[in-house]
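Structural characterization, general
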Amino acid sequence: MTTAAGTPTDRSVLPVTERYTLLGWLRRNLFSDLFNSLLTLVALASILIVARLLLRWAFNTAEWGVIPANFNLIMRGQYPAIEAWRLWLVIYLLGTVVGIVWRLIVGQFNTTARVLVAIPLVLMLIPFFSMGTRLYLLITAVASFAGYFIAGYLPILHRGRAAVYFVIAYLVVMLILLRGVGAEDGSLPPVQPILWGGLLLSLLLAFFGITLSFPLGVLLALGRQSRLPAIRVISVIYIEFIRGVPLISLLFMGQIMLQLFLPDGFPLVDRVLRALVAITLFSAAYTAENVRGGLQSIPRGQYEAAQAVGLSTYQSTIHIILPQALRAVIPVLVGQFISLFKDTTLVALVGIFDLLGIARTIIANPDWLGTQQEVFAVIAVLFWIFSYTMSFASRRLERRLGVGQR
Amino acid sequence: MSENTAADEIIICQDVCKWFGDFQALKNCSLRVQAQEVVVIIGPSGSGKSTFIRCINRLEEHQAGDIIVDGIPLTRDVRNIEQIRSETGMVFQQFNLFPHLTVLENITLAPIQVRKMKKDEAMETAMGLLNRVGIPEQADKYPGQLSGGQQQRVAIARSLAMSPKIMLFDEPTSALDPEMIKEVLDVMQELAETGMTMLVVTHEMGFAREVADRIVFMDGGEIMEVGTPEHFFTNAQHERTKLFLSQIL
């Protein structure tokens, strides 16, 4: 309206300094016109009201005593306290292996690496931790740094392959430490998996559910595209059957019906393992359909080019088709894995004490009546931390792998 | 030049027929190609040119007639198919490079996997080929970072890495911007001069006139006329050939 000559009305001609001041930013992004200003004020008011309620609850009403009193239960369930050193050892080794793999794969101590090392150090600040716990956390940080440092001096030819071996070795050692071997009075007495619980069990179920269902799902997706009718029909029947059944019914089938089919005296597989099998079979069907979406996005020319240079069907699947198909579905797969992680809470309904199962036993304890809000708030935060980490990692992975798509 | 060595017939197609459903795409196509000969196939779109050369390395399956490549009969036998494919390079209209691999990896993949070549040796060969097609500096880039002409030259290098006896070109310049066509044609001409047996489907009449030993004109799934470039451009016999040439020239 009052566009006197020389008055900058167009944003693109605003002087550089004004474009980057806080006030300029506010005006452009939050108060650009009447309607947006109104929306900003309404949103601001809502945030303030919710935040005030939340803070008042967290600092005045909530009885946080329930968390420190049951902290070990939340972390490791019924895992015997006297064997807890094994869990710490598992964590130290995890730190070390992460350090080694980081050196082998990423190769530099970048910001993400600093954040990773900082995690145990920040956890040391949690007020109710004993000095012992803080010391163990410090050892974890040192172990991860040591792993990174030492890996630089290892005479390793194939870095990627070596990293895979380190991870596999770690998983074997981890399972031996957790499960124990030998006699009851030996140095590493067995701990039945049904005693594993809390965060420990939730993470284990999610991790093995994901890593076992992934290859199975990829095979099923390839099977569904196979030229051999028998393989195709079996894959389709499996996928459609599993997708037509809720996870909870598979879990119940695994816990209750399996025994009916097995002959008397057959050594019953551990209940946690049966739950893991159900989760794996369930997730594999969904992975298969997601991967099939990726396979269908590969243009026919890629198959033809692979054939024309003489690659066999197997070679072109491994080197040409799968790498592109999987890359295309990373976001979908990670979404599925996050939902799998949260779905593991269903095992609480078949009498396994994962994070949610433990939470329910705590609030059922007469000593801690009326602490549902506090307990569930902490459980929710724990789930959020791990789910968000997965989603963050997937975005980094996408960016890292996206090079050729430019 | 190679017309004299009549015994060296490297591709023999006899009465090849191909149907897509009810539609007959190839009708009794017969063609014999000598070793080191350059044969250019021309014709209107939908005439079956691409289908014909795609039958030779079994990207399409012919339903009647015989195809014999370098003495190997093309049948359902997978071993025969794989052997013919490893002796036959193919260059596509849309390049079909592998977008998740670098240029160097695109070229070395098949020699390492199929020919079981050592990685160092394969890389050395690949760099030699990239020099030959004129883009050694692009070795570590991804296909998506190259121009169309560069991509097509990488595709040619990828085929040559398998040391094929025959090269099939399926409209190699049709997807290129005009200023990039020449760089690809130059590489093809250089390849022809080294004595490679080539079957080229193209609309580039200049290339056909200059490089081809023989020209094949196809229409409606049939081979209408075969002859030398002089014959074609001065003395075409068939009415449809004349019509096509008058439209395109």
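Only a predicted model underlies this, so the values are computations on that prediction, with no experimental measurement involved.

**A word on the interface of chain B and chain A**
- Every contact between the two is made by 25 residues of chain B and, on the other side, 21 residues of chain A.
- In total, about 2000 Å² of surface goes out of reach between chain B and chain A, with carbon and sulfur atoms giving 57% of it.
- Among the residues chain B hides against chain A, the three largest losses belong to B:Arg85, B:Phe98 and B:His100. Together they make up 27% of the total.
- Here chain B is connected to chain A by one salt bridge.
- Elements with a minimum of two residues in the side of chain B that touches chain A: α2 (78–87), β6 (88–91) and α3 (103–113) of chain B.
- When residues of the side of chain B that touches chain A are assigned to their parent elements, the largest contribution, three residues, is made by α3(B).
- Class assignment of the residues belonging to the side of chain B that touches chain A gives a composition of 12 nonpolar, seven polar and six charged.

**Structural notes on the sheet that holds β6(B)**
Residue and element names in this part refer to chain B.
- What the six strands build is an open sheet, ordered β6-β7-β8-β3-β9-β10; its pairing is mixed. Single-partner strands in this sheet number two, and they are β6 and β10 (222–227). Along the sheet, successive strands turn relative to each other by an average axial angle of 15°, direction set aside.
- Relative to strand β9 (residues 214–219), strand β3 (residues 38–42) runs parallel, the two sharing four bridges. Across the sheet, Ile42 pairs through a bridge with Phe217, a residue of β9.
- Along the sheet, helix α1 (residues 49–56) makes contact with β3, β6, β7 (166–170), β8 (197–201), β9 and β10, crossing β7 at roughly 150°.

**Considerations on helix α7 (residues 111–123) of chain A**
Residues and elements named next belong to chain A.
- Compared with the 18 Å implied by 1.5 Å per residue over 13 residues, the 18 Å span of α7 between its first and last C-alpha is a close match.
- The largest bend in α7 amounts to roughly 30° and is located at Val117, with the proline Pro120 lying one to four residues further along.
- Taken together, the buried positions of α7 are occupied by Ala113, Val117 and Pro120.
- Elements that come into contact with the buried residues of α7 comprise α6 (84–105) and α8 (131–151).

**Focus: the pairing of β6(B)**
All names here are of chain B.
- By the alternation rule, side chains of β6 split into Thr88 and Met90 and Gly89 and Val91, which are all buried.
- As paired strands, β6 and β7 are joined by four bridges and run parallel to one another. By the bridge assignment for β7, Val91 is matched with Phe169.

**Focus on the sheet that holds strand β1 (residues 9–20) of chain B**
Residue and element names in this part refer to chain B.
- Read from one edge of the open sheet, four strands run β2-β1-β4-β5, paired in antiparallel fashion. Two strands bound the open sheet, and with one partner strand each, they are β2 (23–34) and β5 (72–73).
- Where α1 meets the sheet, its contacts fall on β1, β2 and β4 (64–69), and the angle it forms with β2 comes to roughly 60°.

**Comments concerning the UniProt feature "domain: ABC transporter" (unreviewed entry) in chain B**
- With numbering aligned to this structure, UniProt lists the feature "domain: ABC transporter" (unreviewed entry) at residues 11–245 of chain B.
- The span residues 11–245 of chain B shows a helical share of 40% and a strand share of 26%, and its end C-alpha atoms are spaced 27 Å apart.

**Considering the nonpolar core**
- The biggest cluster of nonpolar side chains holds 96 residues, and the ones touching the most others in it are A:Leu178 and B:Leu199.
- No other element matches the 11 residues that helix α13 (residues 271–296) of chain A contributes to this core.
- If near-sequence neighbours (up to four positions away) are discounted, A:Leu178 is found in contact with A:Tyr79, A:Arg86, A:Leu87, A:Val90, A:Val191, A:Trp196, A:Leu200 and A:Leu204.
- Formed by 49 residues, the second largest nonpolar core is a distinct cluster that contains B:Ala157, B:Met196, B:Phe207 and B:Val211.

**Concerning the packing of α6(A) against α8(A)**
Residues and elements named next belong to chain A.
- At a minimum axis distance of 7 Å, the contact between α6 and α8 shows a crossing angle of 30°. In terms of orientation, α6 and α8 fall into the roughly parallel class. Classified by chirality, the crossing of α8 by α6 is right-handed. Here Trp88, Ile91, Tyr92, Gly95, Thr96, Gly99, Ile100, Trp102 and Arg103 of α6 come into contact with α8, specifically with Thr133, Tyr136, Leu137, Ile139, Thr140, Ala143, Ser144, Gly147, Tyr148, Phe149 and Ala151.
- Residue classes in the contact of α6 with α8 are distributed as 12 nonpolar, seven polar and one charged.

Conventions adopted
Residues numbered from 1 in each chain as written. Chains lettered and ligands numbered in written order. Predicted model: local features only at pLDDT ≥ 70, side-chain atom pairs only at ≥ 80, totals over all residues. Heavy atoms only, no water. Contact = heavy atoms within 4.5 Å. Buried area = accessible area lost by both parts, 1.4 Å probe. Salt bridge = Lys/Arg side-chain N within 4 Å of Asp/Glu carboxyl O. Helix = DSSP H or I, 4+ residues; strand = E, 2+ residues; numbered from the N terminus. Nonpolar A, V, L, I, M, F, W, Y, C, P; charged D, E, K, R; others polar. Pairing = 2+ DSSP bridges. Axes fitted to C-alpha atoms, helices over the stretch in contact; angles between N-to-C directions. Expected span 1.5 Å × (residues − 1). Bend = angle between axes of the 7 residues up to and from the residue. Buried < 20%, exposed > 50% of the residue type's maximum accessible area, 1.4 Å probe, protein only. UniProt positions renumbered as here; feature names shortened; annotations may be inferred. Core = buried A, V, L, I, M, F, W, Y, C linked by side-chain atoms within 4.5 Å. Parallel < 35°, antiparallel > 145°, perpendicular 65-115°, else oblique. Left-handed = near helix turned anticlockwise from the far one by under 90°.

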